[in-house]
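Below are the chains, spelled out letter by letter.
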Amino acid sequence: ALLIVLFARLVDVAIALFNTLRNNHPWSPFLLTTAGGALTAWMTRRYFPGAEGSGIPQVIAALKHSSDESRLRLTSLRIVIGKTLLGTAALGCGFSSGREGPSVQVGAGVMHAMRKLLPRRFPVQPHHLILAGGAAGIAAAFNTPLAGIVFAIEELGRKFEERTNGVLL
C-alpha cells in the first residue's frame, strides 16, 4: 500500500508538470505525447516485458497460472518497477491510462515477492498473496479499504474461499 501511495504521488507530480508545460506551451502535448509514447512503448518492450496493459487482466492471469515461473512473468519486482516508472511517465506525457489498474499489478507483485520473507511453514499460497496484494493496490489507489477487499473477492478471486478471504482481510 505504501508503494501505491508513492506511485500516486509520483503520478500527481507528473500530471502537474505536464499541465504546467501544456499551459505555458500549448503545442507541447503534440510533441511530448508522441515522443513520450514511443519511448515508453519501446522501454516497456525492451526492459519491462509484462508491464504492458492496464494491470488488472495481468493479475487475473497470474492468479490462473499454476506455476511460479508463469506468475513471475506478470508479478515480479521488475514488473513492479517498470509499471511504476513507465506508468508515471505515460501519465506525465499526457496519456489517460489511469493509475488504478497499474496499482493492482504493483500491489500483487510486491505481495508475491514478499512470500520469500515468510517462514517456510507459513500456510499461505502465492495465489493468496497475489490476491491480497491486488486488493491492497486497489484499496490504496482509491483510498477505500473495504472496496479493495470487495473488488478482490469479486473481480480477482471470482469465487468465495474462506481461507483466501481470511488472508485477504
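Residues numbered from 1 in each chain as written. Predicted model: local features only at pLDDT ≥ 70, side-chain atom pairs only at ≥ 80, totals over all residues. Heavy atoms only, no water.

**Brief notes about the environment of Leu32**
Within the secondary structure, Leu32 is located in helix H2 (residues 28-47). On the basis of relative accessible area, Leu32 is assigned to the partly exposed category, the value being 29%. For the pair Leu32 and Cys93, spaced 61 residues apart in sequence, the C-alpha separation works out to 5.7 Å. (Helix = DSSP H or I, 4+ residues; strand = E, 2+ residues; numbered from the N terminus. Buried < 20%, exposed > 50% of the residue type's maximum accessible area, 1.4 Å probe, protein only.)

**Some words on the packing of helix H6 (residues 100-114) against helix H7 (residues 126-142)**
Running from amino to carboxyl end, H6 crosses H7 at an angle of 140°, the nearest separation of the two axes being 6 Å. Accordingly, the angle class assigned to the pair H6 and H7 is oblique. Where H6 crosses over H7, the two elements pack in a sense that is right-handed. Residues Glu100, Ser103, Val104, Gly107, Ala108, Met111 and His112 of H6 pack against Pro126, Leu129, Ile130, Ala132, Gly133, Gly134, Gly137, Ile138, Ala141 and Phe142 of H7. Tallied by class, residues from the contact of H6 with H7 come to ten nonpolar, six polar and one charged. (Axes fitted to C-alpha atoms, helices over the stretch in contact; angles between N-to-C directions. Parallel < 35°, antiparallel > 145°, perpendicular 65-115°, else oblique. Left-handed = near helix turned anticlockwise from the far one by under 90°. Contact = heavy atoms within 4.5 Å. Nonpolar A, V, L, I, M, F, W, Y, C, P; charged D, E, K, R; others polar.)

**Digging into the packing of aromatic side chains**
Summed over the entire model, instances satisfying the criterion amount to two aromatic pairs. Ring centres of Trp27 and Phe30 lie 5.0 Å apart, and the angle between their planes is 35°; this geometry places the pair in the tilted category. Side by side, Trp27 and Phe30 carry an identical accessibility label, which is exposed. Their ring planes at 85° and their centres at 5.6 Å tell us that Trp42 and Tyr47 sit as a pair that is edge-to-face. (Phe/Tyr/Trp six-rings, centres within 6.5 Å; stacked < 30°, edge-to-face > 60°.)

**As for helix H1 (residues 2-24)**
The α-helix winds at 3.6 residues per turn, so residues separated by three or four positions along the chain end up facing the same way. Between its first and last C-alpha atoms H1 spans 33 Å; for 23 residues at 1.5 Å apiece the expected length is 33 Å, and the two agree. Inspection of H1 places Ile4, Phe7, Ala8, Val11, Ala14 and Phe18 among the buried residues, and these make up the whole buried set. Looking at the buried residues of H1, the elements they touch are H2, helix H5 (77-92), H6 and H7. (Expected span 1.5 Å × (residues − 1).)

**A look at a nonpolar patch on the surface**
Together, Trp27, Phe30 and Leu31 give the surface a local cluster of nonpolar side chains, amounting to about 450 Å² of exposed area. The exposure class assigned to Phe30 is exposed, which follows from its relative accessible area of 54%. (Patch = residues over 30% accessible without salt bridge, like charges linked within 9 Å, V, L, I, M, F, W, Y side chains within 5 Å. Areas by Shrake-Rupley, 256 points an atom, 1.4 Å probe, with all protein chains shown as cover. Salt bridge = Lys/Arg side-chain N within 4 Å of Asp/Glu carboxyl O.)

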